[in-house]
Structures are given as C-alpha cells and as structure tokens.
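# Chain and residue survey
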Amino acid sequence: MGLCAMALAVVACQQPEGYRVKGVAEGFKEGDTLFFFKVMGDDKPTDTIVVRDGKFVIEGSVDSVTLASVVAPDGSAGALFFTEKGNIDITVSRNSMPKVGGTKANDAWQKVNELQASFSAKFDSLTAPLYLEEYSSEMEEKVMAQYQAVEQEMLSKIIDIAEDNIDNPLGYFVVTSMAGSKELNIERMKALIGKMPAEYQQRQEVTDILKQLAGAEALLNGNVMPDFTLPTPTGQELSALAEVAKNKVTVIDFWASWCKPCCDEMPNMVSLYEQFKDKGLGIIGVSLDTDKEAWLKGINDMNMKWTQMGDMKGWKSSVAELYQVDAIPYMVVVDQQGTILKKGLRGESLAMFIEEKLQ
C-alpha cells in the first residue's frame, strides 16, 4: 500500500493540473529571452521567458486550450503548441525546425509540422520555373495545376491526422482552420464535424462553419446558381438568371479594376467573347470595385463589351459573399438554365471548356 501511495504521488507530480512546458533552446545564449504568447496572434506577449542552461519552463492553468507560441524577439526562431493539460516538450532552434510533443494534441501537431515540411521541397521545386525572367501564361497554368494537385495530397494527409485526433484540440483546430478551403470536400467536412465531441459541435465557430458549408453546397456543380440582382453601369437593376437565360453558356466573371491579375486576364476574356459570342456565349462581369469612375474606366479601357454589374461595395458585396469569392479573378460557368457547370477556370482551360460546351 505504501508503494502504491508513493507511485500515485509520482504520477500526480508528473501530471500537473495545468500545463507545464519543458523547453530546450538551441542556439541561444545564457540569459537570452523568449516571448510567450498564450494566444497565437496576440499583439503583446503574455510573458517573457529567460533561457537558463539552454532550457526554459512555462507553466499555466488550462481554462481553455489555445494555440500558443514561443518566439525569439528577433523572430529567428519559434514554436507553436497547444496549452493542453500535461507535460509539454518543446525545442526551439535557430538552426532547425521546432519540435513539440508530450500530450496527445501536441504529438499530433508535430506530425502535421513534419508533413508540411516534407511537402515544402515539392512546392519549391514546382514553382521554381515561375521565378524565371519570362514565362508564359500556359506555363503558369500548368505549374499551378500541379501545385494544386500536390497541395490536395498534403491537405488530405493533414485531414487524416485531424480525423485521428478529432476528440482533441488538434483535430478541432485543423478542421476549423481549413473550413474555408475550396479543396476540402464538403461531405468530409460535415462528417468530421459530426465526429467531434458535443462540446465542440456547440461552439459558435462550428455553427458558423455549418452555415458556410450549406452555402457551399448550393454552389456545387450541377446545382442551379443562386440568383442575384445588381445595378448595371447605367443604374438599371438586372437579374443574373434573366441575363443567363439569353445565352447557351454564360461565364460569371468576378473582377475589379484595381486587380492586376484580373486586368492581365482581360485580353483572354475579350478574345473568348469575340470568338464565341455568336455561338451562344455570354459573360456577366461582377465588379468588386468601390470607385464607380474607376470601374467605368476599366470597362472602357479594356474593351469589355459584355454585361457588367456591380454595387461598388468591394469585398463587402453580398454577391461575393453569396458565391464565397475569396480571390479574383474568379469564374463561374453556367448553362442557359443557370446550372453550374464549372468554377475556377481561366485562360486556356476556360476557352477549351467553353468551346466544348458550344460545339
């Protein structure tokens, strides 16, 4: 009984009521400091930690688990970790990637970090051609397609880790962080949320994500596009579906006069329109401008002869929110009934798709 009591006392010492970080600081001198941010992204550090014998300690209570960070004041080194109850091991190094572990969420977080690091070299190799002095739009499109395929592979592996840890902060963090990713399958996201503990599912963040997913489902290929009404340059209120009904195929082009990639893409759109307008192609330009004069000037300067709409609310446009647009240019291709055929195409890929649909 005495030995059992001693063993229980040891276990109690090893498992603190809160969290206890045992840190190793590689490449730091005696007395160097580290900033501790209990919530990643805070403007001011929660505490300043002093390095002694190449080590440091952080202790705290767990009222709620957060993604915290330890960072060198000059930004040369740092590590992220979850303030999960238990003993947490961290290595912050000026010469290599950080390491974390010791608790379930932090062990899994280390796996995510290692996975991302392993894919980093692949991404660098793929994008290397884009740093050449000259590269064609075809090359850019090919590289980006390859990049997206590799990114999808990485995201899939990260989601697998999250699913294995859906009952702890790591799984919750990954799923909620990736909720807005267009690469993430809606059904899988809903399934992951369904596997979360009830306490997680009841959080406002998850409720908002489920609402967002419902909106994304409405935009899936094969569904009829959500209709919207916006003013034209002359002030006439125009229904998008009414305009779509005039054409065999319509491209809804989200753009803005201040957006350089949009302006770079516009010669392709002009060429596309001229080539296929008599075969049933229509284009609806939806502007995310806030300056009407700049909008009208852009339409004129770039010879955009198709239908234009915009409420001059920029990113606050209700239509941009409705279509979950987070980057422009962004294209949505629909048929005469407004059925969504394809999203996200541009350049040669868009032209080939339109030609196929209008044969």
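Please refer to the structure higher up on the page.
In short, a report on the structure.

What counts, and at which threshold
Residues numbered from 1 in each chain as written. Predicted model: local features only at pLDDT ≥ 70, side-chain atom pairs only at ≥ 80, totals over all residues. Heavy atoms only, no water. 1 Å grid on protein atoms, 1.4 Å probe; cavity = no way out; pocket = protein on both sides within 12 Å on 5 of 7 lines; lining within 4 Å. Points joined across faces, edges and corners; volume = space filled by probe spheres on them. Helix = DSSP H or I, 4+ residues; strand = E, 2+ residues; numbered from the N terminus. Nonpolar A, V, L, I, M, F, W, Y, C, P; charged D, E, K, R; others polar. Disulfide = S-S within 2.5 Å. Buried < 20%, exposed > 50% of the residue type's maximum accessible area, 1.4 Å probe, protein only. Salt bridge = Lys/Arg side-chain N within 4 Å of Asp/Glu carboxyl O. Pairing = 2+ DSSP bridges. Axes fitted to C-alpha atoms, helices over the stretch in contact; angles between N-to-C directions. Core = buried A, V, L, I, M, F, W, Y, C linked by side-chain atoms within 4.5 Å. Contact = heavy atoms within 4.5 Å.

## Some thoughts on the layout of surface pockets
Over the atoms rolls a probe the size of a water molecule, and in doing so it shows where empty space is left. The computed volume of the second largest pocket comes to approximately 280 Å³. What lines the second largest pocket is a set of 14 residues, among which V65, T66, L67, Y172 and F173 lie closest to the centre. When residues of the lining of the second largest pocket are assigned to their parent elements, the largest contribution, four residues, is made by helix α4 (residues 169-177). Class assignment of the residues belonging to the lining of the second largest pocket gives a composition of nine nonpolar, three polar and two charged.

## Concerning the state of the cysteines
Under the criterion given, the structure shown has one disulfide. Shown here is the disulfide that connects C259 with C262, its sulfur atoms set 2.4 Å apart. Residues C259 and C262 are joined by a disulfide whose S-S torsion is about 80 degrees; by sign, that bridge is right-handed. You can call C259 buried: its relative accessible area is 5%. C262 provides the cysteine sulfur closest to C263, a residue in no disulfide bond, and the two sulfurs are 6.5 Å apart. C263 gets classed as partly exposed once you look at its relative accessible area, which sits at 24%.

## A look at the pattern of salt bridges
Where side chains of opposite charge bring their charged atoms close, a pairing between them can arise. Under the defined criterion, the tally for this structure stands at 17 salt bridges. Here D63 ties to K38 by a salt bridge, and the two come within 3.6 Å at their closest N and O atoms. Highlighted residues: D63 in the loop between β4 (55-60) and β5 (67-71) and K38 in the loop between β2 (33-37) and β3 (47-50), separated in sequence by 25 residues. A salt bridge links K297 to D301, with the shortest nitrogen-to-oxygen separation between them at 2.6 Å.

## Some points on the sheet that holds strand β12 (residues 281-287)
The strand order β13-β12-β11-β14-β15 describes an open sheet built from five strands, whose pairing is mixed. The open sheet has two free edges, formed respectively by β13 (307-309) and β15 (340-343), since each of these has just one partner strand. The average angle at which neighbouring strand axes cross in this sheet is 20 degrees, direction not considered. Here strand β11 (residues 249-255) runs beside strand β14 (residues 330-335); their pairing, made up of six bridges, is antiparallel. Residue pairing in the sheet places V251 in a bridge with V333 of β14.

## Observations concerning the nonpolar core
Core analysis: the biggest nonpolar cluster contains 54 residues, and F56, F81, I90 and L170 have the highest contact counts within it. Here the element with the most residues in this core is helix α2 (residues 104-127); it accounts for eight residues. L170 has contacts with F82, A105, A108, W109, V112, I161, A162 and N165, leaving out every residue within four places of it along the chain. If you look at the next biggest cluster of nonpolar residues, it comprises 49 residues, including F228, V244, A320 and L358.

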